[in-house]
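A closer look at the structure
In case you want the letters, here they are:
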Amino acid sequence: MADEYINALNLKPLPLGGYYVESLNAITKVQPLDSSGRQVRDAYSVIYLLLRGSDINAWHKMKSGETYFHHLGSHIILHMIHEDGRYETKIIGDPLRDNKARFHCHVPKNVWFALELEDKSGLCVFSEAAGPGFDYEDLEIGDSDKMIEMFPQHKEIIEKFCLKCDKKGTSPNDIHILSNKQDGTEDGSNSQLNETTKEFLTRPATVEQINIEGYWRTKRDILIPGIKRLLKATTFNELVELAFEAKEDLMSLGVFHDVDMLIDTSADHSINPNGYDVTFHVKEKRLLTSSTGTQIGNNEGNMMFGCSLNNVFGRAEQVKADLSFGTRTRMSYQLAFIKPTPGTPGRNFTIAAQKSTTDVPFCSHWEATQGLSMDYMFPSIVGQHCVSWEGTWREVTGLAKNASFAIREQAGHSIKSALKHTVIMDKRNNIALPTNGYFIKLAQEFAGLGGDVMFLKHNFEYQQSVEPLKDVILSWSFQGGSLHPLFNTPSKISDRLFLGGPLSVRGFNSKGIGPRSENDSLGADAYWAAGLHVYTPLPFRPGRGGLGDRIKTHLFVNTGNLITLDTNLPWRSRFNSLREKIRWSCGAGLVFMLGIARVELNYCFPIAAQNTDSVNHGIQVGVGINFL
């Protein structure tokens, strides 16, 4: 039986063990987004694999994640050793035969793994999909001595699945040569395979039937918009690409844990040889889920607890309740109802009620808020938009004993009713430390639809990064904003603009630039800030992954200004002061990556400051996501 599949699929021996053939490569090319410096390659690739009897697929690891899909035959045991030394096994197979098995299993990047059959008397046909697509430069074959040195606690299992040298001295390093010379030529059968693949991808294809299996609480009408695009496919390549897009649309609804996809020839294949059936196997989330976690950002840490009612009415509605408290937020509650728009990822409506009490640092008070908000988010060719209304009761309270008179004048209640529009264009390849791409955010807010707060506020943020040399990042950014009180109403400290701090103009304490009263920052009406940054690898670990990817050296120059607008001056003359008494700082330090957040440890040199500013000459630590 194994020989029949080998002949039918044109499988060839795989030096790692078993048999394989490339079955699909994306036409689209991509640049891997990590900092490994890998070259442009296919967006994804798929291969067929076969193991029989005592075949193994030896220890190896990849720089891209891979997913294995079971098709028929024996279950497969997937052995994994993670970077932290943790050993893990999974079963790839039919969950109806073994409740621990799954039709597909994912192997994260940089994780050592090996494969073997559960039934040594059988065989298994399965496939592997990699994104970005497979390239031999991404592959590292396990050497038993090196692996045992790294993971001595797993010596027995490492020796069992390591690639052995054959009589001719073949070693793990020869796998690339073996795969290219199997037919006795330098290029092997790659050119013929590529021609066959292209011919197959351009073959006409029509979708005869689309099935979705595994849902019971979800209404069918919200699933149709995301999958009906498959009917537009005219070639097999289009069919595959549209099927992956449909899968992403189904996942974006937020009601499924997993979505598996199967493309098969149609039941009436003899009548229509170009017909295909597409089946999505979905697994719904539980009605009630809960979560706990921590959030680090803007020099604040929070502990969060939440619970959600998922797919409440069967059309992807969600009710979320969240509770959080942290270093500044004494307590925050939020209850939200979220309704997405099927078939349009990124488009949803949210209505929420919230209550919170927050310590306002460097302003000697707390702020208590409670209110309602409504948000409508939608994508466009420009970017992601959010139109919102906020109705909030606010109280400046909890004044410190040494609070200045200017802060005491702000104490008490205010009611804000405001409309806000925000548009974001984010083309960065990494949120915390991008190597290329740009970020633009534009926000306008109008308050005065009731309440005693009336103003017009604008804010603009821009950031761009390039990699002029390998592992050297050059980044520059600009921010600016203004607050215009309306109808001669005074501005509230809760709405004013502030500048300075480790996430803003470095070399100044948080809110350290601009008007002050005693030790309190008062904020102002207009500001601008700019930064130029250079990030380089550590001298002793340049661009080698691990520690070298997580820690960078940092050189910066920051500048900016914050002023109170003189309303007695003509409109065009009010902003002239922004060009006067400009603050400057520079410095050097280290950047530590923490997932989507980062920590900066800088030594700062304030160059130009005013007498009223609060400067920080020396070490400054910043934790957050959004830095100047």
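Just above sits the structure.
Here goes a summary of the coordinates provided. Bear in mind that the values here come from a model prediction, so they are computed numbers and not experimental data. (Residues numbered from 1 in each chain as written. Predicted model: local features only at pLDDT ≥ 70, side-chain atom pairs only at ≥ 80, totals over all residues. Heavy atoms only, no water.)

**Some remarks on the sheet that holds strand β11 (residues 104-107)**
Reading across the sheet, the six strands line up as β1-β2-β5-β13-β7-β11 and stay open at both edges, with antiparallel pairing between neighbours. Strands at the two margins of the open sheet, each flanked by one partner only, are β1 (12-13) and β11. Looking at chain direction, strand β2 (residues 19-25) and strand β5 (residues 45-52) are connected through six bridges and run antiparallel. Along β5, the bridge assignment pairs Tyr20 with Leu49. (Pairing = 2+ DSSP bridges. Helix = DSSP H or I, 4+ residues; strand = E, 2+ residues; numbered from the N terminus.)

**A short note on the pattern of salt bridges**
When charged atoms on two side chains of opposite charge get close, those side chains can pair. In the structure shown here, the tally under the stated rule is 16 salt bridges. Between Asp221 and Arg315 there is a salt bridge, with its nearest N and O atoms 3.0 Å apart. Taken as a pair, Asp221 in the loop between β15 (206-213) and α6 (224-227) and Arg315 in the loop between β19 (300-310) and β20 (318-326) lie far apart in primary sequence, 94 residues in all. Exposure remark for Asp221: the relative accessible area of 40% places this residue in the partly exposed category. A network of salt bridges, in which partner residues are shared, links Glu390, Arg394, Lys416, Glu445 and Asp495. (Salt bridge = Lys/Arg side-chain N within 4 Å of Asp/Glu carboxyl O. Buried < 20%, exposed > 50% of the residue type's maximum accessible area, 1.4 Å probe, protein only.)

**Overview of helix α7 (residues 236-252)**
Across its 17 residues, α7 extends 24 Å between first and last C-alpha, which sits within 8% of the 24 Å expected from 1.5 Å per residue. Within α7, the full set of buried residues consists of Phe236, Asn237, Leu239, Val240, Leu242, Ala243, Ala246, Asp249 and Leu250. In the segment just after α7, Gly254 is the residue with positive phi, at about 80 degrees. (Expected span 1.5 Å × (residues − 1).)

**Topic: the side chain of Ser74**
Along the chain, the position of Ser74 falls in the loop between β7 (66-73) and β8 (76-81). The exposure class assigned to Ser74 is buried, which follows from its relative accessible area of 7%. A polar atom in the side chain of Ser74 sits 3.0 Å from the backbone nitrogen of Asp119. Beyond its immediate chain neighbours, meaning those up to four positions away, Ser74 contacts Arg97, Leu117, Glu118, Asp119, Leu123 and Cys124. (Polar contact = N/O pair within 3.5 Å; in protein donor to acceptor, adjacent residues only side chain to side chain. Contact = heavy atoms within 4.5 Å.)

**Overview of unusual backbone geometry**
Backbone geometry at Asn110 places phi at a positive 65 degrees, although glycine is not the residue there. Classification of Asn110 by relative accessible area gives partly exposed; the value is 26%. In this structure, Lys581 takes a positive phi of about 55 degrees despite not being glycine. By the element assignment, Lys581 lies in the loop between β32 (551-563) and β33 (583-594).

**Digging into the packing of aromatic side chains**
Per the counting criterion, the structure on display carries eight aromatic pairs. Ring centres of Tyr44 and Phe244 lie 5.5 Å apart, and the angle between their planes is 40 degrees; this geometry places the pair in the tilted category. Of this pair, Tyr44 sits in the loop between β4 (41-42) and β5 while Phe244 sits in helix α7; the two residues are 200 residues apart in sequence, bridging distant segments of the chain. With relative accessibility at 16%, the residue Tyr44 sits in the buried group. Ring-pair connections join several aromatic residues into one group, and the members of that group are Tyr68, Phe113 and Phe126. Looking at Arg217, its charged tip hangs above the ring of Trp216, at a distance of 5.3 Å from the centre. Directly above the ring of Phe556 sits Arg506, whose terminal nitrogen or CZ lies 5.6 Å from the centroid. (Phe/Tyr/Trp six-rings, centres within 6.5 Å; stacked < 30°, edge-to-face > 60°. Lys NZ or Arg CZ within 6 Å of the ring centre and 35° of its normal.)

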